[in-house]
Structures are given as structure tokens and as C-alpha cells.
Amino acid sequence: MKQPLIVANWKCNPTTLAEAQKLLKTIEKGVKNIKKVEVVICPPFVYLSGFRFRASGFRLGAQDCFWEEKGAFTGEISAKMLKGLGCKYVIIGHSERKGHLKETNEMIAKKMKAAIAAGLKPIFCIGETQKEKREGQGLRTLNSQISKGLKDIKEKEARNIIIAYEPVWAIGTGKPCEVDTTLTKSLIIRQVLKKRYSLSLSRKTRILYGGSVTSQNALKYIRGAKMNGLLVGGASLKAQEFSKIVKEVSKS
Ligand code: PGA
């Protein structure tokens, strides 16, 4: 398996490019000389072109992309444009986009296809809501999100996908998923991938955990739940805390 991936999802933060560059600089200083971990910084679109990494092991990622390459689509940013700016990764299907912007599984499927075609590695977010969890629908949700989101993705293309298991109820709540449950969910995701593609692909696909990750619990997900990385929201905006997360994971 490749080295762990730590993804910083800055969401709609911070509010100026100067602050964003300062945050990046402080993080880079904090994780100096860290090896064995790949760090992906996903700032808002408007900061992407203003970012240059000084530390090694850092990569640029975007938080979303549009499915068409170009055209009359006011306000959209295409996967090809992101690739041109130096992005290697793109987050797709984050639950906040589904919730606030009514992004559907069909839209997500088109974005996945476009991201791969543009040469980006999509970080495909899946996870059940509190209601689905309460009603015992968690597994059905994961199954359906995978089959709909990867609808048009063939095995060859699927090799570039990273899956982020992010239970919606754990995002930004300070209530992370239990390590054992996370491990079970990742095994289920691998089963679904095996059925859909092959054993080899199901083994090679990187699965990340996201939802209230901190420096206290980060390593437990890597060691205990055997996750291949983490998707970090709130804690990625605090330079010291995020650097600690990266350092913790580098012990794995
Ligand atoms: P959180 O967010 O770490 O603040 O829970 C994770 C995410 O939304 O990806």
C-alpha cells in the first residue's frame, strides 16, 4: 500500500489569500522533514494559483470540480482547469455539497468521470447521515453511493480513485466514528469494490477516514482501523494541530 494520505479540507476558509498563505507556511514549518506521509492541501479555488510548496511531500487539491471541460456554465470550474493549475487531487461529493447545494449522486458520477479524464485523482466522499444510521440504513447508503457515484467508471479508471468514508454525523461535531466501526465500514467498502471490480483493485484502493479527526485520534484510525489516510476539516485550519496530526501519522 502507498504511504498514508492526509488531506486538509479548508472548506470556505480563510477569508484572504494572505491568511491562506500564512496558514500554509506555518503548516509546512511544523511538519518539516516529515517523510512517509503525503499531505494534500485543498484550499478554496481562488487561492490555488497563489500556492507554492516549499516542503516536500505536499500536493495541491481542489474541493470540487465541474463535469464539463468548458462552456456556458457560469461560476463553474472544470477538472481540466484544476489540472492546469497544478492540482493532483480533487474532493468529490462532500456531504456539505449534497446538503447545502443539493448535489446528487448523478452529478457526483459525472464529476468523477471528468476528474479522472482530466488526470486528477478524485477523493470520493461517502457516508451515512444520522437518520440513516438510526434507521439501520448505513450499509445500504454506502452501497448505493458507491454504485451510483462509480456508475460509469471502469476498472482501469477506478485505479485512480481514493475513497473517503465520512459519516455525516461525525463531520464537525466533535463525535468521531468508533475505530472498530470505521474498520468494519472500510472492509465493507472493500467488499463492494471487489464485487464491482476485482480483488486486486479492492485491496489497492486507498480508503481514508474523515469526521472530527484530531491529533489525539489520528493514529488510531491508521493503526487500529487500518485506514490509508485521513480527511481533515476543522483541525486542518489550526496549523499546530494539523502538523501534529501529520507527525502522528508519520509514526505509522
Ligand atoms: P471535520 O470535517 O474534520 O471538521 O469533521 C471533515 C470534512 O468535512 O471533511
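Residues numbered from 1 in each chain as written. Predicted model: local features only at pLDDT ≥ 70, side-chain atom pairs only at ≥ 80, totals over all residues. Heavy atoms only, no water.

Chemist: Run through the side chain of Q145, naming residues and quoting values.
Modeler: Counting through the fold element by element, Q145 comes out in helix 6 (residues 138–149). There is a polar contact of 2.9 Å between the side chain of Q145 and the backbone nitrogen of G127. Apart from residues no more than four positions distant in its own chain, Q145 is found in contact with K98, N105, F124, I126 and G127. (Helix = DSSP H or I, 4+ residues; strand = E, 2+ residues; numbered from the N terminus. Polar contact = N/O pair within 3.5 Å; in protein donor to acceptor, adjacent residues only side chain to side chain. Contact = heavy atoms within 4.5 Å.)

Chemist: Tell me about the sheet that holds strand 2 (residues 38–42), and please be specific about residues and values.
Modeler: Pairing is parallel in the closed barrel, where 8 strands are placed in the order 1-2-3-4-5-6-7-8. Each strand axis lies, on average, 25° off the axis of its neighbour in the sheet, ignoring direction. Relative to strand 3 (residues 58–62), strand 2 runs parallel, the two being bridged by 3 bridges. Residue I41 lies in a different strand from strand 3, and its bridge partner there is L60. (Pairing = 2+ DSSP bridges. Axes fitted to C-alpha atoms, helices over the stretch in contact; angles between N-to-C directions.)

Chemist: Account for the pairing of strand 8 (residues 229–232), with residues named and values stated.
Modeler: Burial along strand 8 is two-sided: G229 and L231 facing one way and L230 and V232 facing the other are all buried. Pairing geometry for strand 1 (residues 5–9) and strand 8, over 4 bridges, is parallel. For L5, the partnering residue across the bridge sits in strand 8 and is G229. Two elements, strand 7 (residues 206–210) and strand 8, share 2 bridges in a ladder whose sense is parallel. Paired with G210 across the bridge in strand 8 is L231. Regarding the hand of the β-α-β motif, the stretch spanning strand 7, helix 10 (residues 218–223) and strand 8 is right-handed. (Buried < 20%, exposed > 50% of the residue type's maximum accessible area, 1.4 Å probe, protein only. Right-handed = clockwise from strand over helix to strand, strands pointing away.)

Chemist: Give a description of unusual backbone geometry that names residues and reports values.
Modeler: Across the chain, the bulk of peptide bonds are trans and the bulk of non-glycine residues have phi less than zero. Following N13, the chain continues into P14 via a peptide bond in cis, with omega recorded as -20°. Within the secondary structure, P14 is located in the loop between strand 1 and helix 1 (17–30). Of note in this structure, K11 is not a glycine but carries a positive phi near 55°. By the element assignment, K11 lies in the loop between strand 1 and helix 1. K11 sits in the partly exposed class, given a relative accessible area of 21%. One non-glycine residue, S212, lies in positive phi territory at about 60°. As for its placement among the helices and strands, S212 is situated in the loop between strand 7 and helix 10.

Chemist: Tell me about helix 6, and name the residues and values.
Modeler: Look at helix 6: 16 Å from first C-alpha to last across 12 residues, which is about the 16 Å you get at 1.5 Å a residue. Residues of helix 6 that are buried: G138, T141, L142, Q145, I146 and G149. The arc that holds the buried residues of helix 6, viewed along the axis, is 125°, so those residues lie on one side. Among the structural elements, helix 3 (95–101), helix 4 (105–117), strand 5 (121–126), helix 5 (130–134), strand 6 (162–165) and helix 8 (179–196) are those in contact with the buried residues of helix 6. (Expected span 1.5 Å × (residues − 1). Arc of directions from axis to C-beta.)

Chemist: Help me get a handle on the pairing of strand 5, residues and values and all.
Modeler: With 5 of 6 residues buried, strand 5 lies mostly within the body of the structure. Bridge count for strand 4 (residues 89–92) against strand 5 is 4 bridges, and the pairing is parallel. Along strand 5, the bridge assignment pairs Y89 with K121. Note that strand 5 and strand 6 share 4 bridges and pair parallel. Bridged to C125 within strand 6 is A164.

By themselves these figures say nothing about function.
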